[in-house]
Amino acid sequence: MNWNDAKFETKAIHAGQDPEAKTGAVVVPIFQTSTFAQPAPGEHLGHEYSRTSNPTRDALQDCLAALEGGVQGLCFSSGLAATHAVLALLSAGDHVIAMDDMYGGTFRQFDKVWRRHGLTFSYGDLRDPGVFDALVTPQTKLLWLETPTNPMLKLVDIAALSAKAHAHGVLVAVDNTFATPYLQQPLALGADIAVHSTTKYIGGHSDTVGGAAIVRDADLGARIAFVQNANGGTPGPFDSWLTLRGVKTLAVRMERHCQNALAIALWLEQHPRVKQVIYPGLHSFAQKELAARQMRQLNGQTLGGGMITIILDGELAHARTFLSTVRAFTLAESLGGVESLIEHPAIMTHASIPPEQRRAIGISDSLCRLSVGIEHVSDLQADLDNALKAAFA
Ligand code: P1T
């Protein structure tokens, strides 16, 4: 059945997930098989080999395509494998423009892997779309955006930058991991590819690693599908199934993540030991107009996501005590699960970015990143209060 006209919540539960034809199983089965019997050589019943396609992965891919408003979804064994597949569309000599702030592992792949293969990169603060004009060259083939960025929560204007990029024949990929398709729809805003670490909000339960690339155009989809099959890096049936199980509740989880994060951000803003709170749903957020335009609104409030970045009024030692004292928040890399996580980007997720570059974009030693989960907000607040008291005792 075609669920294109259905609302987001309905697509999350039904798109790609019709009851199974043979048995009527309501939940897509885990087709835990590497290969498929052929009635005659070269004739098959829709699947040949699970790197190329697998019914459980297909269901996830179709669901994510529907949620992002794309024509095709391609799933990978991690977010970075999805990134790798997009970059593999390029050839030696091609130039990429990217944000100066992004997940440290994405930067590491660009800088330590793709540069050796002859791609060149320019990084800029694309909060000002004019920076694109300064960086674009005749060799530019890809604009890589993250919005909100990890960890500084900078926003970029996807519509304005897509228009600029397309005028130069440049493809636009948006890592939509922090916002999710529930809060932000890059393809509708003009981007060509939405990329995800499905490890995060899409899976939502911190129990599997995965990635996805969703495209607006069938030809581009065919090119990424070719790379997916040629390079491998595909998720197994069980990981696809876990991710599909998680995505069904994406809309309700995101609303609670946003509600809890806003309450925590407002409270932290009043805390004397917190120097700065960065959260796209706050009035103090520097790009609140863009957030309101580009991200989902609910009852007149911008849904700013579940991520908060704070700068403590102290040194590394204060941050260490704070992070070691929390209990309802778990000190761990990653984000986007139902449980609250907290981490120190300079030491943990963004250690692969050179220190001077980290300092230039504001990732200081007193900066902490919170992934606000869907526990009761009063327990989360009490936990942070207790840890801040311990840190500044
Ligand atoms: O971990 P993986 O599934 O390979 O996804 C990589 C990735 C891509 N894009 C963004 C915006 C990300 O945040 C990540 C992974 N990030 C973390 C593990 C982290 O703690 O920030």
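Structure: see above.
Heads up: these notes are all about the structure in this document. This structure is a prediction, so every number in the text was calculated from the model and none was measured.

## Description of the site of the ligand
Item 1. Not every one of the 19 residues close to the ligand is listed here, only the nearest: Asp175, Ser197, Thr199, Ser334 and Arg369.
Item 2. Here an oxygen atom of the ligand sits 2.7 Å away from a polar atom, N or O, in the side chain of Thr199.
Item 3. At a separation of 3.5 Å, a nitrogen atom of the ligand approaches a polar side-chain atom of Lys200.
Item 4. Here the ligand occupies the second largest pocket.
Item 5. Of the residues in the shell around the ligand, the class split is 5 nonpolar, 9 polar and 5 charged.

## Quick look at the pattern of salt bridges
Item 1. As enumerated under the stated definition, the model contains 11 salt bridges in all.
Item 2. A salt bridge links Lys154 to Asp100; the nearest nitrogen and oxygen atoms lie 2.9 Å apart. A residue pair is termed long-range when its members are at least 10 positions apart, and Lys154 in the loop between β4 (140–146) and α6 (158–167) and Asp100 in the loop between β2 (95–99) and α4 (104–114) qualify at 54 residues.
Item 3. Of the residues examined, Lys154 reaches a relative accessible area of 6% and is grouped as buried.
Item 4. Two residues, Lys112 and Asp111, come together in a salt bridge whose shortest N-O distance is 3.2 Å.
Item 5. Shared partners join several salt bridges into a network, and the residues in it are Asp100, Asp125, Arg127 and Lys154.

Analysis parameters
- Residues numbered from 1 in each chain as written.
- Predicted model: local features only at pLDDT ≥ 70, side-chain atom pairs only at ≥ 80, totals over all residues.
- Heavy atoms only, no water.
- Near = heavy atom within 4 Å.
- Polar contact = N/O pair within 3.5 Å; in protein donor to acceptor, adjacent residues only side chain to side chain.
- 1 Å grid on protein atoms, 1.4 Å probe; cavity = no way out; pocket = protein on both sides within 12 Å on 5 of 7 lines; lining within 4 Å.
- Sits in = over half its atoms within 2 Å of the grid points.
- Nonpolar A, V, L, I, M, F, W, Y, C, P; charged D, E, K, R; others polar.
- Salt bridge = Lys/Arg side-chain N within 4 Å of Asp/Glu carboxyl O.
- Helix = DSSP H or I, 4+ residues; strand = E, 2+ residues; numbered from the N terminus.
- Buried < 20%, exposed > 50% of the residue type's maximum accessible area, 1.4 Å probe, protein only.

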